[in-house]
Each structure stands twice: as C-alpha cells, then as structure tokens.
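The lines below spell out each chain.
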Amino acid sequence: MFQYEAPEGAQMIQVWINGKEWQVPEGLTMIQAMWYTGHEVIHGIGCLGGVCGACAAVYRMPGNFRLFNALACQTLVKEGMAFSLIASYPTQRAQYDIEQIPDAKEGLFTLYPESATCRNCNACTEVCPQGIDVRTSVWQAAFGDFKGVAETTMSCVMCGLCVSRCIAEMAPHEIALYARRAYGSRELAFPENLRQRMDSVASGTYDEELERLSRLSPDQLKLECGVK
Amino acid sequence: MTVEKPPLINPYDNLPSFDLAEPKAYSPSEREELLRRYYPDYRPDRKTTLHVGANAGDVLPDEIASILESRSILSKNVLPAVPSTPDIEVDLLVIGGGGAGIMASIFAMEAGARVLLATKLRVGDSNTVMAEGGIQVALGEDDSPVQHFKDAYRGGHFTGDPELLSVLVREGPDVISWLIRKGVLFDRDPSGNLSLRKGGGTTRPRLISAKDYTGLEIVRVLKEDLLNSGVTIWEFSPAVELLQGPEGSCAGAILKDVDNGSLKWVKANAVLLATGGTGRLHIGDFATSNHFGATGDGLVMAYRMGAKLLNMESFQYHPTGVIYPSEMAGMLITEAVRGAGARMFNRHGKRFVQELETRDVVASAIIRECEEGRGVRTPSGHHGVYLDLTAIDREMGEGTVERRFPNIVKLMGKHQVDCTKQPILVYPTLHYQNGGIASDTSGRTHVKGLYVAGEASGGVHGKNRLMGNSLLEVFVYGRRVGEEAAREALERKPFSWHEVNLGHVEGFQKNLEKEFPGTSRPEAPILFPDYRKHSHPDHA
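Chain B has the name L-aspartate oxidase in an unreviewed UniProt entry, where Leptospirillum ferriphilum is given as its organism. On record in UniProt, under Cofactor (unreviewed entry), the comment for chain B is "FAD".

As recorded by an unreviewed UniProt entry, chain A carries the name 4Fe-4S ferredoxin, iron-sulfur binding domain protein and is attributed to Leptospirillum ferriphilum.

Here it is in structure tokens:
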C-alpha cells in the first residue's frame, strides 16, 4: 500500500513523542513520525492538509526554554524535538442563532462578556500556528470592527491553541467566529447578483427548459450540451 | 563511529530554464488516445470483476472490489447477537460529519425529527473542509442554471443523471443564500456582488469562493450551527454495519466507539449515509488529497444491504498534487492557480499540455511525461513536473498569488518552498470518487429507509466532475435529502426492535463463501488507513 516515504538517504534523528525517546528519519512530519514509530493516531488527526485544526501540537527544542506550537500534520520533526499532540482543548462556546440576535455588536458582549478583558500580553498571537495576529482580532472584535476581524482571522483553523495561552481565559477563535459571522450575516449587504438569480429561479424562469432537457434522450441531450 | 551519508538531492538545485512556448491543442482523437493510455480509470491493470452483490459483473479498481467483496469486521465466525434493547432510538441516523452530514442533520432537526449524527473523527473532519477553489453557482448576467446544467453534463462526459443535475443547478442559488444568511463570507467584487471566477471545463465564470479557504470558511460556520441545533452528536463513533428491518429495509446501524471498542446499537426509521469518498484507499498506489477518514465505509455497508452502486470505476485524479517535499505527498494545489495563469513544465523546461484542459487530460499528460522519462525525480524516488505560479504575478501583478492563494503560500512556505518565486513539484493525486451509491433526487437508495448524500452518492457528476460542483452538491443534496429523509422517517410505519437483524450480512457472507470457497476475504469497512511502520503485526 501507499506509504509516506522519508527521502532516500535520510539521516536518523532523535525525537521525544509524549515524553518517550525514538529514532526516526528526518523529513517526516510529527504525525508521520508517530506512524513510523507505530503509534495509532486517531485523536489529533483530521484532514492531513493543514486546515481542519485537529492536530494542534506543542514542542520544545534542546537548549531552548521557549515553548513552540504547531500543526502536527504540517510540521517536520527536527533533531532533539520533544512534542505532544493537544487533540482537544476545553473551550466555552456560546449558544446563539446569528440571524436572531437583536444587536450584533452588543451580542458579542452578551455571549462572550470576557471578550473585553484582553490584557494585551500577545501570547495568543505568538502561539497561533497560522500566524494570525490574534490579539489584534480580539481588540477589533471588542471595538466592533467585525470586518477587520474577518480579514485578520480568515485562515483560522479553530485549533484552539490560543485558548491554551490566554491569561484572560477567553476563546479568541470562538470570538472571531462570532464576529465574522455577524459581519457576513448582519452587516454586509446581501449580494445583488444572487438576489436577482434567486428571484428568477423562484418565478420559474428556468423550469420549463430544465424539464425539457431532463426529458431528452441521451443522444439529443448530448447534442444540445455538446456545443460550447 | 559515524558514517558520512551523501547529502539529499534537492530537485530545486538544477532547475531548467522555462520555455514559455504554448503547446499545441490536442485534437479530440489525441485526447482520447492520451486518456486511454495514461488515465488510471481506462487502464486495464489493477482491476477486478465483482462476483457478489448488486453490481456483480462490474470491473472496478482492485482496492474498491476488495472492500466491497469483504466480510464484516464484527466477527470472524458468528455475528454478534442483537441486544434486547437498542442503545438509542432516533428518527434519523446520519452517518458522517462532513458538509453533507452536517447540512442534512440541521435540516432534519428543523423538520421535526430526532436526529443522531455519528461520525468517525470529529464533526467537520472531512473533504468538505479541505475544499479550496470554490462552488459553482450560475450568477453571471450571461449565465443561467440551464447553462450550468449543460456545462456539468458535458463535463461529465454525458454520463451524469439529468434529473439529479437539474435539481443541483436549480437549488444552487437558494442554498448559497442560506449559507450567506448564516454568516459565510464569500469573496465580493467592488459593487458587493459575489465574485465569479472561471473553472476548467465551464463556458462562464461561475465559481464563488472564500479565497482558497472555501471549505474551511463554510465548515467553521456550519459546525457551530450544528452544535447549537439540538442534534445528538457522537464523535469517534464510526458505523460498522447497517441493521436490517422488515422486508429488507434499513432499520438503523451498529456504531463502534473507537476509544473503548464498544458497540452501540442504533434503531432508526431512516439512515442517511454521508460517509464521503475513498481517497485513503490509495487506488493504484496514488497519493491522495483526501482527509484521513475517506475509506468508503458507506459503500461497504450499503452494498451488503443490496444498494446499487453507480460509476464506481470512475475516479478523479486531480492533476496537481504535491509530490515534493515528500511529507506533503498528495496535498492539493487548486485548479484555480491554472485558471489564474500558472504554467506546467517537464524536466527539460518545456510545457507539455495546455493547462486548462479538463482535469483528466492534464493528469494523463503529467503521467505520460513521467513515464516517458521527462519527469523530475524527487529524493524519495517519485517523479513529478513543475507547476509554476510565478507567471500569475507576472501577468496579473506582483502579490496576486499571495492575495488569492494565501493557504497554498502558507502551507508550501512551512516546507521551505516559496511558491511565489519557485515552482511546485506536482503529480496527480487521488481526489474524488465520481461514482457512488445510486439514488433518486430525494437521496433514496434501492434499499427502503436508506438514503445517501454527498460524495458517497453517485450520479450527479457521471464519470467526471467539474471543479466546484461537488461542493454545491454537498449543500444542495445535504439539505434536500436531510429534509426528505426526516419527513419519511416521521411517516414510517412503526416497527419493533425484535424485527431488527443482521440477516443481510449473513446472506452476503454466504454468497462470498460460495464465490470464493476456501479463501479468506478482507474485512471492511476499514475505518482508518494504516501507515504504521513498526510494532504492528502487518509490518512484522
């Protein structure tokens, strides 16, 4: 069966997975290093393409006091790396229907009252594996600049690592999600080209032609659709 | 003593100079010949003829035949006895937590059904969340659902189901409007209209997108609404077998809690399979762009129960999957980069195919280059061709790649490839299951009480799919089938748990023994691909 191969001639390096020492070839991601050493990974794995946020990980490098974070499916192991997956980080999430909230701006403080308590430490930005300026997004949300939040946090994969570091104990990714949704649902004008097309579909403009096409013989249909 | 090992060969060390001369267009017969010789669907090797089940006689890829003609994973000999009571009773059981499963659950709940959504990993871990390029919806002034229909039918090589397609194009605008009202942010043009972009094989610009994060943007929003909807959600609980009720109908399923191995017996008036595709079977040993759980579980379970499959010989090998760095093998580079002007070159720096040919033609041309020695060798011993995005910035202005494809720039950058300056090495990657479980426009399969939506279903795309139509299918049919299945579940004549059994599995296994006497058959659904190298019996 298909395997993720380390490069030919790859050197073996030493890593620590969940505190245990292993030798693995260089050129593997953290997840691939776990497979290589026989780990079955189910919690902490999802798309393997860097967008689902399932594989948040924390690691340290030798001789460096700093704690690093990463997505394990996208991050290569390095000599001396010690890492663990944080498959899930407990988070409070608000219950709401975005279309029913009386005032979208006020709604943020009702649902996430802690969102105005940022102490500006910037740990959330430093921890973000997507390189998002999380602190700025929290302030944009608090000041009601939901459009700004949408732009700042577009690449958020909802891994929750920002929650793990926030000294104000908020969930910046959930706050950003609310702000983005409020912007899209409540502030941004509904697109006119879509409204017009919905109207013409609803008034049955295309029904007759679509029904006629559906009833054609395969050969007739091929003839009608074949020409660009 | 340490032995000096030779340094790794970097395919970027000796880049050829790129010759921009455009290759000539293929004639229809050249195109056909290229596909016949190089496209995996048409090659005779690695194929098996099915002997058992509703599709006996079909010639399918070995890996698909192997999971279809398989035994239950529940027991080597005797299947487990049905317990005296089910663990849970619901109107609708939705199996799968990707785009289709989430939509179906939300709308079934709104229709008044008690809904259980069971999924193998977390809600949202799916191919939907990975969709980069966009959704097709006919919004242009010179465009219409009729034009969309014609493009999709032609794009499917005239093999799609016209009725299914007609629903898809007609309901598209409405389902997009629902997403927007929920707060999904699609790219807008300066006047506030949804921006429309051109995809391969279409006559009009018709792709709406959220940069190259389209699937992620939608799933973030939908997942939150699902969690707030009142649907019961069981994660890490894949279905391993369907349950049979009166007259061969579907009456629920057995789920397996992957954390403690326990089986959960679900009684349901209706079961909706939204289990997605099969990329993780690595058909033909291709790398895949699919998420970790794409192992075709729904196909296996439905086939045992007698459901018919459609076009299961047909897969989409997306032409541009990353092949180097090797740890990224299979990761998709969206077709939209070619739409924006990216060019492809072989080892000698020559272009070898017009980049906006249909996906199957482009993939075949790449395979041809590599098989005929014009591919670039990677340090893992694979071959690929160069996909150069720098032309986009040259033609459309510095910074365009960064602005339109931030996700690709970010992901390649994490692996030390600056794709705004360097080409990406690509090779076709197993991307999409064109066929699937046959159904009508309400998602009804040949088995009463069993429904299907999304990539697990077949018919809409026929034998080829155009970019952006699968994402539309997921939302149009997810919603529609969720509502229909809920309505029929609420109207279904009550049946007793005592009528529930695994007779269909027993029957299927008897047929297997008849056709393959004395040989052991593989077990399925396989649930998870196994890439482990050590400490595992298969690798001992």
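UniProt tags Arg359 of chain B as "active site" (unreviewed entry). With near-sequence residues (within four places) excluded, arginine 359 of chain B lies in contact with Gln316, Tyr317, His318, Pro319, Glu335, His431, Arg465 and Met467 of chain B.

At the interface, 84 residues of chain B touch 87 residues of chain A. At the surface where chain B touches chain A, the tally comes to six salt bridges. Among the secondary structure elements, those contributing two or more residues to the side of chain B that touches chain A are helix 4 (145–155), helix 5 (162–181), helix 6 (214–227) and helix 12 (406–414) of chain B. Top contributing element to the side of chain B that touches chain A by residue count: helix 5 of chain B, with 11 residues. For the side of chain B that touches chain A, the residue count by class is 36 nonpolar, 21 polar and 27 charged.

Turning our attention to the nonpolar core. Among the nonpolar cores identified, the biggest contains 163 residues, and Ile31 and Tyr178 of chain A together with Ile176, Phe186 and Phe475 of chain B are the most heavily contacted of them. Each residue touching tyrosine 178 of chain A, except ones within four places of it in the same chain, is listed here: Tyr96, Ile98, Ile101, Asp103, Ala104, Gly107, Leu108, Leu111, Tyr112 and Phe146 of chain A.

We now examine the environment of serine 289 of chain B. Residues and elements named next belong to chain B. Checked against the element boundaries, serine 289 lands in the loop between strand 10 (263–273) and helix 7 (297–304). Separated by 30 residues in sequence, serine 289 and aspartate 259 have C-alpha atoms that sit 26 Å apart. With residues near it in sequence (within four places) discarded, serine 289 still touches Met130, Gly330, Leu332, Thr429, Leu430 and His431. A polar contact of 2.6 Å, which involves the side chain of serine 289, links it to the side chain of histidine 431.

Residues and elements named next belong to chain B. Relative to the helices and strands, aspartate 297 resides in helix 7. There is a polar contact of 2.6 Å between the side chain of aspartate 297 and the side chain of threonine 295. In this structure aspartate 297 touches Lys120, Pro525, Ile526 and Leu527, once residues within four positions along its chain are discounted.

This paragraph deals with the pattern of salt bridges. All names here are of chain B. Per the stated rule, a full pass over the model turns up 47 salt bridges over all chains. Note that glutamate 89 is salt-bridged to lysine 267, the shortest N-O span being 3.7 Å. Taken as a pair, glutamate 89 in strand 3 (residues 88–95) and lysine 267 in strand 10 lie far apart in primary sequence, 178 residues in all. Among the residues examined, glutamate 89 registers a relative accessible area of 44% and is labelled partly exposed. The partner of arginine 374 in a salt bridge is glutamate 369, and the shortest N-O contact between them spans 2.8 Å.

The next point concerns the sheet that holds strand 5 (residues 82–85) of chain A. All names here are of chain A. With respect to topology, five strands assemble into an open sheet ordered 2-1-5-3-4, the strand pairing being mixed. Only two strands of the sheet have a single partner each, and these edge strands are strand 2 (20–25) and strand 4 (68–71). Between one strand axis and the next, the sheet turns by 35 degrees as a mean value, whatever way the strands run. The pairing of strand 3 (residues 56–60) with strand 4 spans four bridges and is antiparallel.

As a further point, take helix 3 (residues 99–110) of chain B. Residue and element names in this part refer to chain B. Its 12 residues give helix 3 an end-to-end C-alpha distance of 17 Å, which sits within 8% of 16 Å, the value for a rise of 1.5 Å per residue. For helix 3, the complete set of buried residues consists of Gly99, Ala100, Gly101, Ile102, Met103, Ala104, Ser105, Ile106, Phe107 and Ala108. Those residues of helix 3 hidden inside the fold are in contact with strand 3, strand 4 (115–118), helix 5, helix 6, strand 10 and helix 13 (469–491). Glycine 112 sits one or two residues past helix 3 and shows a positive phi near 100 degrees.

Moving on to the UniProt feature "domain: FAD-dependent oxidoreductase 2 FAD-binding" (unreviewed entry) in chain B. Within the UniProt annotation, "domain: FAD-dependent oxidoreductase 2 FAD-binding" (unreviewed entry) is assigned to residues 91–471 of chain B. Here residues 91–471 of chain B is 28% helix and 21% strand, with 27 Å between the C-alpha atoms at its ends.

Quick look at the sheet that holds strand 17 (residues 436–438) of chain B now. Residue and element names in this part refer to chain B. Strands sit in the order 11-17-19 across an open sheet of three strands; the sheet is mixed. The open sheet has two edge strands with one neighbour each: strand 11 (309–310) and strand 19 (457–458). Direction of pairing for strand 17 relative to strand 19: parallel, over a ladder of two bridges. Bridge pairing in strand 19 links isoleucine 437 to serine 457. In the packing of helix 7 onto the sheet, the strands contacted are strand 11 and strand 17, and the crossing angle to strand 17 comes to about 35 degrees.

The rules behind the values
Note on numbering: residues in each chain are counted from 1, in written sequence order. Think of it this way: whatever chain is written first is A, whatever ligand is written first is 1, and the rest follow in order. Per-residue local features are limited, in this predicted model, to residues with pLDDT of at least 70; the limit for side-chain atom pairs, both in listing and counting, is 80 or more; totals at the level of whole chains, interfaces and linings are taken over all residues. To get the side-chain values, all heavy atoms of the structure are used, and hydrogens and water are removed first. UniProt positions are given in the numbering used here, feature names are shortened, and annotations may be inferred rather than shown by experiment. Note on definitions: a residue-residue contact is assigned when non-hydrogen atoms from the two residues lie within 4.5 Å. The working definition used for a salt bridge is a side-chain nitrogen of Lys or Arg within 4 Å of a carboxyl oxygen of Asp or Glu. Segments assigned H or I by DSSP are reported as helices when at least four residues long, segments assigned E as strands when at least two residues long, and all are numbered from the N terminus. Residue polarity is assigned by list, with Asp, Glu, Lys and Arg as charged and Ala, Val, Leu, Ile, Met, Phe, Trp, Tyr, Cys and Pro as nonpolar; anything else, Gly included, falls into the polar class. Only buried residues count toward a nonpolar core, which is a set of Ala, Val, Leu, Ile, Met, Phe, Trp, Tyr and Cys residues joined through side-chain atoms within 4.5 Å. Each residue gets one of three labels from its accessible area relative to the maximum for its type: buried under 20%, exposed over 50%, partly exposed in between, using a 1.4 Å probe on protein chains only. For the purposes of these results, a polar contact is taken to be a pair of N or O atoms within 3.5 Å, where, inside protein, one atom must be able to donate a hydrogen and its partner to accept one; residues adjacent in sequence count only when each atom of the pair is a side-chain atom. Whether two strands pair depends on DSSP finding at least two bridges between them. To obtain an axis, a line is fitted to C-alpha atoms, over the contacting stretch when the element is a helix, and the angle between two such axes runs from 0 to 180 degrees between their N-to-C directions. The span you would expect from a helix comes to 1.5 Å times its residue count less one.

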